[in-house]
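Architecture and fold: a report
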Amino acid sequence: MSKIYFFNGWGMDKNLLKPVKNSTEYDIEVIDFPYNIDKNSIDKDDIFIGYSFGVYYLNKFLSENKDLKYKKAIGINGLPETIGKFGINEKMFNITLDTLNEENLEKFLINMDIDDSFCKSNKSFDEIKNELQFFKNNYRIIDNHIDFYYIGKNDRIIPANRLEKYCQNHNLVYKLLECGHYPFSYFKDFKNILDI
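Here the residue numbering is sequential within each chain, running from 1 through the sequence in written order. Residues qualify for local features only when their pLDDT is at least 70, as the model is predicted, and side-chain atom pairs are given and counted only at 80 or more; totals for whole chains, interfaces and linings, by contrast, use all residues. Water and hydrogen atoms play no part in the side-chain values, which are based on all heavy atoms of the structure.

Here we look at the sheet that holds strand β3 (residues 47-51)
Sheet strands associate in pairs through backbone hydrogen bonding, adopting either a parallel or an antiparallel arrangement. Strand pairing is defined by DSSP finding a minimum of two bridges between the two strands. Helix and strand labels come from DSSP, where a helix needs a run of H or I of at least four residues and a strand needs a run of E of at least two; each type is numbered from the N terminus. The six strands lie next to each other as β2-β1-β3-β4-β5-β6, forming an open sheet whose pairing is parallel. Each edge of the open sheet is held by one strand with a lone partner, namely β2 (27-31) and β6 (173-177). Within this sheet the neighbouring strands show an average axis-to-axis angle of 20°, counted without direction. When strand β4 (residues 72-76) meets strand β5 (residues 148-152), the two strands line up parallel, connected through three bridges. Considered in β5, the bridge of I74 is made with F148. Any two residues having at least one pair of non-hydrogen atoms within 4.5 Å are treated as being in contact. Inter-axis angles, ranging from 0 to 180 degrees, are taken between N-to-C directions of lines fitted to C-alpha atoms, where helices are fitted over the stretch in contact. Its contacts with the sheet put helix α1 (residues 53-64) on β1 (3-7), β3, β4 and β5, and the angle it makes with β3 is roughly 140°. Packed onto the sheet, helix α5 (residues 160-169) meets β5 and β6 and runs at close to 160° relative to β5.

Below is the structure:
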C-alpha cells in the first residue's frame with residue numbers, strides 16, 4: 001500500500017493527527033524531529049505532506065534526494081525560508097527561543113489557534129526547546145520542492161501574507177484556508193488535504 005509521509009511541526013508528535021480521519025487508500029507514516037526517514041522505503045506513488053517546520057525539513061529531505069520518485073509534495077502553513085522576509089521575523093524567532101519556558105509555550109499553542117480537537121505531544125519541555133535550538137543552529141535557506149501550498153488565512157505563527165508572497169514570487173500554486181496555524185480544525189480527513 002502507498003504511503004503519506006507526514007513531516008510534523010515543531011514540538012509535535014503523532015498526537016497532532018489524532019483528530020484527523022484517514023479515508024484515503026494511503027497508510028500514514030508520521031515523521032517527527034529529527035526527521036529520519038529511509039528513502040529506500042519510498043515508492044513512486046507515495047505522497048509527502050509537510051506541516052509548519054515540517055515543510056522546511058521536507059524540503060531539506062527532497063533537496064538532498066533529488067533522484068527520488070514520488071507522486072507529490074504538499075506544504076501546510078510552512079515554507080523552506082522559515083526565517084526571514086517570507087517567514088518568521090528573525091528577531092521574533094530569537095525572542096521566542098530566548099524566552100521559551102513552559103508558560104510561553106502554552107501561549108505559543110494558543111497563538112496557533114488550536115481548538116478542542118488539538119492533542120498535545122508527549123515530548124518533554126526540554127526536548128521541545130532543544131528542537132527549536134537545533135533548528136536555529138542548522139537553519140539555512142533551501143530551494144522549494146513543494147508542489148502545492150495550503151495557507152491558513154489567520155496564521156499568526158508564519159504570517160499568511162508572507163507565505164502567500166513567497167508562493168507568488170516563486171509562481172507556486174496555493175490555496176487560502178479559513179484557519180490559523182493549526183489546520184486540523186479545518187482538515188478533518190486526509191482525503192480533504194489531497195483534494196487539490
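Observations regarding α5
Every buried residue of α5 is listed here: A160, L163, Y166 and C167. Along α5, the residues classed as buried sweep out an arc of 120° about the axis, all on the same side. On the buried face of α5, the contacting elements are β5 and β6. Once α5 finishes, N171 follows within two positions and takes phi at roughly 55°, a positive value. A 1.4 Å probe rolled over the protein chains alone gives each residue an accessible area, and that area as a share of the maximum for its type sets the label: buried under 20%, exposed over 50%, partly exposed in between. In this description, the arc belongs to the directions extending from the helix axis to the C-beta atoms.

Observations concerning the packing of aromatic side chains
Centre distance within 6.5 Å is the pairing criterion for rings of Phe, Tyr and Trp, where only the six-membered ring of Trp is used; planes under 30 degrees apart are then read as stacked, over 60 as edge-to-face, and the remainder as tilted. Overall, the coordinates contain 29 aromatic pairs when judged by the stated rule. Aromatic pair F7 and Y35: ring centres 6.1 Å apart, planes at 5°, arrangement stacked. A residue pair is termed long-range when its members are at least 10 positions apart, and F7 in strand β1 and Y35 in the loop between β2 and β3 qualify at 28 residues. Here F7 falls in the buried class, since its relative accessible area comes to 0%. Since its relative accessible area comes to 8%, Y35 is described here as buried. Judged by centre distance (5.4 Å) and plane angle (70°), the ring pair of F86 and Y166 falls under edge-to-face.

Section: empty space enclosed by the protein
A cavity, in this analysis, means grid points on a 1 Å lattice covering only the protein atoms where a 1.4 Å probe fits yet has no way out; a pocket is instead an open set bounded by protein on both sides within 12 Å along at least five of seven lines, and a residue lines either one if it has an atom within 4 Å of a point. Grid points are joined across faces, edges and corners, and a volume is the space filled by probe spheres set on the points. Throughout the structure, instances matching the rule amount to one cavity of 30 Å³ or more. Each pocket or cavity is described by its volume, and for the largest cavity that value is around 70 Å³. Residue type decides the class: Asp, Glu, Lys and Arg count as charged, Ala, Val, Leu, Ile, Met, Phe, Trp, Tyr, Cys and Pro as nonpolar, and the leftover types, Gly among them, as polar. The class makeup of the residues in the lining of the largest cavity is seven nonpolar, three polar and no charged.

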